[in-house]
Amino acid sequence: MILNGHTDDVFIDTEIHEYTFVLSENKEVCEIGYQSQPAISTALYLIEIIDNTNNLAVYSGNHIFSASETSYVTPGSTTNLQLETSYTLRRTILLSDANGQFGSIIGRIARKSEMNFPYTDGIMSITSANFYQASNPEGVSLLDDAVPYIDLIFTD
């Protein structure tokens, strides 16, 4: 999931990186991809897919990802996503799990000087993105400044 015309960067030191999306077809998630930071390569990242119509997690799992490249994990349960339903794909790594180092909670993102949502690629439309601290979700956030590079692979 690299968005055309965007810079592939590693940036934004917040515990939560997430984007909201809708699909134009029903799909089953078969893999989730992410890349960890080298200093915390054995830390568990919480990956969640939230159904925004009822604010319930349709998937939640803790995973270790490669620090050298995007690596993929298979959800431990069937994760079906419905067309035209708003979902949020979220990755969380707490500062306490990163040895208190803000530089270790940064993540890979796609960005450009002016972000304009929605972004549509194939069957997915990303409608917004957000970056914030887990301990202060109502505090300072970076809304729609970039798109986190959290990849979803669907079954055919």
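Our subject is the structure that appears above.
The structure reproduced in this document is the subject of the present report.

About the thresholds
- Residues numbered from 1 in each chain as written.
- Predicted model: local features only at pLDDT ≥ 70, side-chain atom pairs only at ≥ 80, totals over all residues.
- Heavy atoms only, no water.
- Pairing = 2+ DSSP bridges.
- Helix = DSSP H or I, 4+ residues; strand = E, 2+ residues; numbered from the N terminus.
- Buried < 20%, exposed > 50% of the residue type's maximum accessible area, 1.4 Å probe, protein only.
- Core = buried A, V, L, I, M, F, W, Y, C linked by side-chain atoms within 4.5 Å.
- Contact = heavy atoms within 4.5 Å.
- Axes fitted to C-alpha atoms, helices over the stretch in contact; angles between N-to-C directions.

### Focus on the sheet that holds strand S1 (residues 7-11)
Next, step 1: If you trace the three strands from one edge of the open sheet to the other, you get S1-S9-S12, paired in antiparallel fashion. Unpaired on one side and paired on the other, S1 and strand S12 (147-148) mark the two borders of the sheet.
Next, step 2: Bridging between S1 and strand S9 (residues 107-111) involves five bridges; their strand directions are antiparallel. Within S9, the position partnered with Asp9 by the bridge is Ile109.

### Remarks on unusual backbone geometry
Next, step 1: Cis peptide bonds are those with omega within 30 degrees of zero, and the linkage from Phe117 to Pro118 qualifies with 5°.
Next, step 2: Relative to the assigned elements, Pro118 resides in the loop between S9 and strand S10 (119-121).
Next, step 3: Phi angles above zero are rare outside glycine, and Ile12 is one such case at about 70°.
Next, step 4: Note on placement: Ile12 falls in the loop between S1 and strand S2 (16-23).
Next, step 5: Using a relative accessible area of 7% as the deciding quantity, one classes Ile12 as buried.
Next, step 6: For Asp144, which is not glycine, the phi torsion reads 60° and is therefore positive.
Next, step 7: By the element assignment, Asp144 lies in the loop between strand S11 (124-132) and S12.
Next, step 8: According to the relative accessible area criterion, Asp144 is partly exposed, its value standing at 25%.

### With respect to the nonpolar core
Next, step 1: Among the nonpolar cores identified, the biggest contains 35 residues, and Tyr19, Phe21 and Leu152 are the most heavily contacted of them.
Next, step 2: Counting residues per element, the ones that place at least two in this core are S2, strand S3 (27-34), strand S4 (45-51), strand S8 (87-92), S11 and strand S13 (151-154).
Next, step 3: The greatest single-element share of this core, amounting to four residues, is contributed by S11.
Next, step 4: Those residues in contact with Phe21 that lie beyond four places of it in its chain are Leu81, Thr85, Ser86, Tyr87, Leu89, Met124, Ser125, Ile126, Thr127 and Leu152.

### What to know about the sheet that holds S2
Next, step 1: Within the open sheet, the six strands sit side by side as S5-S4-S8-S2-S11-S10. Their pairing is antiparallel. For this open sheet the edge positions go to strand S5 (56-63) and S10, each flanked by a neighbour on one side alone. Between one strand axis and the next, the sheet turns by 25° as a mean value, whatever way the strands run.
Next, step 2: Pairing geometry for S2 and S11, over eight bridges, is antiparallel. Counterpart to Phe21 in the pairing with S11 is Ile126.

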